[in-house]
Amino acid sequence: MQSAIYSAASEKLYEINPSSASAHQLAALFISKNELEKAARYLQMAVLDDKLSGETRAEWFYELSIVSLANEDYLDAIIYAREANAYRTDYGKAYMALGDAYIACRKQLGDDFQQRSVYWVAADMYQAAARLDPALAEESEKKLSICAAQYPSKEDIFFQDLQPGNNFLVGRCIQEQTTVRSRD
């Protein structure tokens, strides 16, 4: 009950005196309450402030990507992770989020081969994350193992008129160049 009153009062205060900081605080409040759609709305408002530092904007876009991923808004998660990377190119966590979002949206890519090709570009993101932030190396290695197990077989690659090592564009919502790899 008190939590609901506090949330309502905080939202009213935001309506009276909106700011990026208060929008971000409301987003954190709604994340803690698992009200992720509301959290996403407030994070979207928070990142609009032109006075935010690039580092803060990157962090908030990363948070928005994670919330969007949890909401199963995979395309938004991709967009926001890319925004985080645009404001801070050395932000390993944003690369991890981007890899996760790519994998989450794989069903939208078409046939089985196209869906498996997403693991190549996700692996690229996980490798970048570990390179940029050594603290992410262990998590990255786990995700890279999962990716490698999902790569297409050499036979599947052959029937696509490709070879391991070729360049490949993962299309549709991803639009990323990567390298063809096989699981065997």
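Computed from a predicted structure; not experimentally measured. (Residues numbered from 1 in each chain as written. Predicted model: local features only at pLDDT ≥ 70, side-chain atom pairs only at ≥ 80, totals over all residues. Heavy atoms only, no water.)

Engineer: Quick one: what's the story with the overall build of the protein, residue by residue and with numbers?
Structural biologist: Assigned secondary structure in the protein consists of nine helices and two strands. From first element to last, N terminus to C terminus, the protein shows the α and β order α-α-α-α-α-α-α-α-α-β-β. Expressed along its principal axes, the backbone C-alpha trace of the protein runs to roughly 60 × 30 × 25 Å. The burial tally for the protein puts 44% of its 184 residues in the buried class. Taking all contacts inside the protein whose residues are at least 6 apart in sequence as the whole, residues at least 24 apart take part in 57%. Accessible area of the protein: about 10,000 Å², with a carbon and sulfur share of 50%. Computed over 19 positive and 27 negative side-chain charges, the separation of the two mean positions in the protein equals 2 Å. (Helix = DSSP H or I, 4+ residues; strand = E, 2+ residues; numbered from the N terminus. Buried < 20%, exposed > 50% of the residue type's maximum accessible area, 1.4 Å probe, protein only. Contact = heavy atoms within 4.5 Å. Areas by Shrake-Rupley, 256 points an atom, 1.4 Å probe, with all protein chains shown as cover. Lys, Arg positive; Asp, Glu negative; His and termini not counted. Charge placed at Lys NZ, Arg CZ, Asp CG, Glu CD.)

Engineer: Before we move on, can you summarise helix α8 (residues 137-150) with the specific residues and values?
Structural biologist: Across its 14 residues, α8 extends 20 Å between first and last C-alpha, which sits within 8% of the 20 Å expected from 1.5 Å per residue. Those residues of α8 lying buried are Ser-140, Lys-143, Leu-144 and Cys-147. Looking straight down α8, one finds that the buried residues subtend no more than 110° of arc, so they occupy a single side. For α8, the exposed residues set more than 90 degrees away from the buried face come down to Glu-138, Lys-142 and Ile-146. Next to the buried residues of α8 lie α6 (92-104) and α7 (112-132). (Expected span 1.5 Å × (residues − 1). Arc of directions from axis to C-beta.)

Engineer: Just give me the short version of the pairing of strand β2 (residues 176-179), but keep the residues and values in it.
Structural biologist: Here four bridges tie strand β1 (residues 167-170) to β2, and the two strands are oriented antiparallel to one another. The residue bridging Phe-168 from the neighbouring strand is Thr-178, located in β2. (Pairing = 2+ DSSP bridges.)

Engineer: Talk me through the pattern of salt bridges; I want residue IDs and the actual numbers.
Structural biologist: Tallying each qualifying case throughout the model produces nine salt bridges. The partner of Arg-82 in a salt bridge is Glu-176, with the nearest N and O atoms 3.5 Å apart. With a gap of 94 residues between them, Arg-82 in helix α5 (residues 74-87) and Glu-176 in strand β2 connect regions that are remote in the sequence. Via salt bridges that share partners, Asp-100, Glu-139 and Lys-143 belong to a single interconnected network. (Salt bridge = Lys/Arg side-chain N within 4 Å of Asp/Glu carboxyl O.)

Engineer: Describe the packing of helix α2 (residues 20-32) against helix α3 (residues 36-46), listing the residues and the values that go with them.
Structural biologist: In the contact formed by α2 and α3, the axes pass within 8 Å of each other and the chain directions differ by 165°. Looking at the two axes, α2 sits roughly antiparallel to α3. The two elements α2 and α3 meet at a crossing, and its hand is left-handed. Together, Ser-20, Ala-23, His-24, Leu-26, Ala-27, Phe-30 and Ile-31 of α2 and Leu-36, Lys-38, Ala-39, Tyr-42, Leu-43, Met-45 and Ala-46 of α3 make up the contact between the two elements. Within the contact of α2 with α3, the residues separate by chemical class into eleven nonpolar, two polar and one charged. (Axes fitted to C-alpha atoms, helices over the stretch in contact; angles between N-to-C directions. Parallel < 35°, antiparallel > 145°, perpendicular 65-115°, else oblique. Left-handed = near helix turned anticlockwise from the far one by under 90°. Nonpolar A, V, L, I, M, F, W, Y, C, P; charged D, E, K, R; others polar.)

Engineer: Explain α5 residue by residue, including any values.
Structural biologist: Between its terminal C-alpha atoms α5 stretches 20 Å, which fits the 20 Å expected from 14 residues at 1.5 Å a residue. Within α5, the full set of buried residues consists of Ala-77, Ile-78, Tyr-80, Ala-81, Ala-84 and Asn-85. Buried residues in α5 make contact with α3, α4 (54-70) and α6.

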